[in-house]
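A look at the structure
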Amino acid sequence: PVLAATTPGNLTQFEYLALNSPLNLSDGHARQPLTPGQSRVVDELPELWADAVKRPVEEIERQACRTYFEMLGQHSYPADDGRVLSCYSSSVAMEIFARSLATAADAIALVHPTFDNIPDILRGVGLRLVPLEEDVLHGGDLPVELLRSVGSVFVTTPNNPTGRVLSEERLRALAAQCAEHDVVLTLDTSFRGFDTRAHYDHYAVLEASGCRWVVIEDTGKLWPTLELKIGFLVSSTNVGLPLAKIYSDILLGVSPLVLSMVRRFAEDGIGGGLVELHRFIAGNRAILRDRLADVPGVTFTDLDSRVSVERVHLGERLGLDVWSALREHNVFALPCQQFHWARPEEGAHSLRVALSRSPSAVAQAAEALRSVLLAR
Ligand SMILES: N=C(N)NC[C@@H](O)CC(=O)C(=O)O
């Protein structure tokens, strides 16, 4: 993609600039080396291809869903009656949700801050956005006037870039409020694989609440699968939105080979790979935090975060300045203004560093960031 010489318009355009750099710690996609268990899955791809040719895709899809959802503790996901739609990515799933919601509502409450392709997709279908501050979301019941003013509440959990997880009791209370006010509760759980606090059975809570709900799951953030991934678009029986119809406008179905690969990576995850991944991310987080611990003015805003990105507060320094100085070293992080989609200035002094990278890449980037910061 060709980008204008000026500052990129959205976070993903910043991420494009980093795509071909050896020290790309910008996007939240998984770029660390394969583990031995994952390498074995890659070696199996020819057999998975032959198997996918022979078997019905719905059988392969059902097995992939079951293994992936079980790995994440989501035992009550709706395996039957077509309520799980497999998409090429979670953003495709989100576009289908947005187009569907726009046929029935004109406003949506969206967690603030969060990754800016979410508000961009929602605005793109004409929805009016109402910011839902994280502290309000996690603090207790939402204001009734908010619930009366929107057709949906959209929550990214764990959130990006903060890592904050919606607890089971908060989800239960929020779902009850949404049921009472006939508001569609939508969750983007793309980062849930990294945080076991997000592994309680969300679908059991949602189904029991009786609310109308949609969940967007993403296999793409967890494993280094070269952008081979699935976004699962899951919904309640009573969601009352044309999800299947709009899905059919966009695609017929996804690759059974990718579904089989997801199943095998999830089996590896169940067999210890997920615990290993959590340790790996924690190790990279420690490398970054340790290297910057004594830099004046630097703090870590999300001490409790376990997701594969880390937000660094730069004190008086501007994220864009530090991002540009890092770029001189051929190191790429992500400035945080555009996460604050309603009030960008709130993100002006922060930078996000990706942790799904090799430990040496994280260490080199931390070193470069340290020297850039000490010079300011
Ligand atoms: N459709 C888009 N824009 N994809 C980029 C997105 O996956 C990156 C991301 O979520 C992150 O860097 O945290």
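It should be noted that the structure appears before, not after, this text.
It should be emphasised that the depicted structure is a prediction, and the values quoted were computed from it without experimental measurement. (Residues numbered from 1 in each chain as written. Predicted model: local features only at pLDDT ≥ 70, side-chain atom pairs only at ≥ 80, totals over all residues. Heavy atoms only, no water.)

The next subject is the pattern of salt bridges. This structure, assessed with the given rule, holds 32 salt bridges. Asp249 is the salt-bridge partner of Lys245, the closest N and O atoms lying 2.7 Å from each other. Residue Lys245 and its partner Asp249 are located together in helix α11 (residues 243–250), separated by four residues, close to a single helical turn. Under the relative-accessibility criterion, Lys245 is labelled partly exposed at 49%. By relative accessible area, which is 39% here, Asp249 ends up partly exposed. Because the salt bridges share partners, they merge into one network encompassing Asp27, Arg31, Glu227, Lys229 and Arg357. (Salt bridge = Lys/Arg side-chain N within 4 Å of Asp/Glu carboxyl O. Helix = DSSP H or I, 4+ residues; strand = E, 2+ residues; numbered from the N terminus. Buried < 20%, exposed > 50% of the residue type's maximum accessible area, 1.4 Å probe, protein only.)

Within the open sheet, the four strands sit side by side as β9-β10-β13-β12. Their pairing is antiparallel. The strands lining the two open edges of the sheet, one partner per strand, are β9 (299–300) and β12 (334–335). Alignment of β12 against strand β13 (residues 350–354), held across two bridges, turns out to be antiparallel. Bridging from a neighbouring strand, Leu334 pairs with Arg352 of β13. Along the sheet, helix α12 (residues 256–292) makes contact with β9, β10 (309–313) and β13, crossing β10 at roughly 15 degrees. (Pairing = 2+ DSSP bridges. Contact = heavy atoms within 4.5 Å. Axes fitted to C-alpha atoms, helices over the stretch in contact; angles between N-to-C directions.)

Packed helices, taken two at a time, are described by their axes: the angle between them and the distance between them. One way to put it is that helix α5 (residues 90–102) packs onto helix α6 (residues 117–124) with a least axis distance of 9 Å and a crossing angle of 35 degrees. Relative to α6, the crossing made by α5 is right-handed. The residues of α6 that touch α5, namely those facing Ser91, Met94, Glu95, Phe97 and Ala98, are Asn117, Ile118, Ile121 and Leu122. Here the residues of the contact of α5 with α6 sort into six nonpolar, two polar and one charged. (Left-handed = near helix turned anticlockwise from the far one by under 90°. Nonpolar A, V, L, I, M, F, W, Y, C, P; charged D, E, K, R; others polar.)

All right, on to the site of the ligand then. Thr12, Glu15, Asp27, Gly28, His29, Ser91, Phe115, Asn117, Asn160, Phe191, Lys221 and Arg352 make up every residue found near the ligand. In the model, a nitrogen atom of the ligand is placed 3.0 Å from a nitrogen or oxygen of the Ser91 side chain. Here the ligand has 360 Å² of accessible area as a free molecule, and 82% of this is covered by the chains. Across the shell around the ligand, the residue classes tally to two nonpolar, six polar and four charged. (Near = heavy atom within 4 Å. Polar contact = N/O pair within 3.5 Å; in protein donor to acceptor, adjacent residues only side chain to side chain. Areas by Shrake-Rupley, 256 points an atom, 1.4 Å probe, with all protein chains shown as cover.)

This next bit is on the pairing of strand β6 (residues 184–188). Within β6, five of the five residues are buried, leaving the element largely enclosed by the surrounding structure. Going residue by residue along β6, you find Val184, Thr186 and Asp188 tucked away on one face and Leu185 and Leu187 tucked away on the opposite face as well. Of the pairings in the sheet, the one linking strand β5 (residues 152–156) to β6 comprises five bridges and is parallel in character. What sits directly across from Val155, in β6, is Leu187. On the question of chirality, the crossover connecting β5 to the parallel β6 by way of helix α9 (residues 168–181) is right-handed. As judged from the four bridges shared by β6 and strand β7 (residues 213–218), these two strands associate in the parallel manner. Its bridge partner being in β7, Asp188 is matched across the sheet by Ile216. (Right-handed = clockwise from strand over helix to strand, strands pointing away.)

What follows concerns the environment of Gly269. Positionally, Gly269 belongs in helix α12. Residues Gly269 and Tyr68 lie 201 residues apart in sequence; the distance between their C-alpha atoms is 8.9 Å. Setting aside anything within four residues of it in sequence, one finds Gly269 in contact with Met71 and Leu274.

In the structure shown here, the tally under the stated rule is 13 aromatic pairs. With a centroid separation of 5.4 Å and 50 degrees between ring planes, the pair formed by Phe69 and Phe232 is classed as tilted. Linking Phe69 in helix α4 (residues 57–71) with Phe232 in strand β8 (residues 231–235), this pair joins segments that are 163 residues apart in sequence. Phe232 matches Phe69 in its accessibility class, with the two residues each being buried. By way of ring pairs, the aromatic residues Tyr68, Phe69, Tyr77, Tyr203, Trp213, Trp223, Phe232 and Phe265 are connected into one cluster. (Phe/Tyr/Trp six-rings, centres within 6.5 Å; stacked < 30°, edge-to-face > 60°.)

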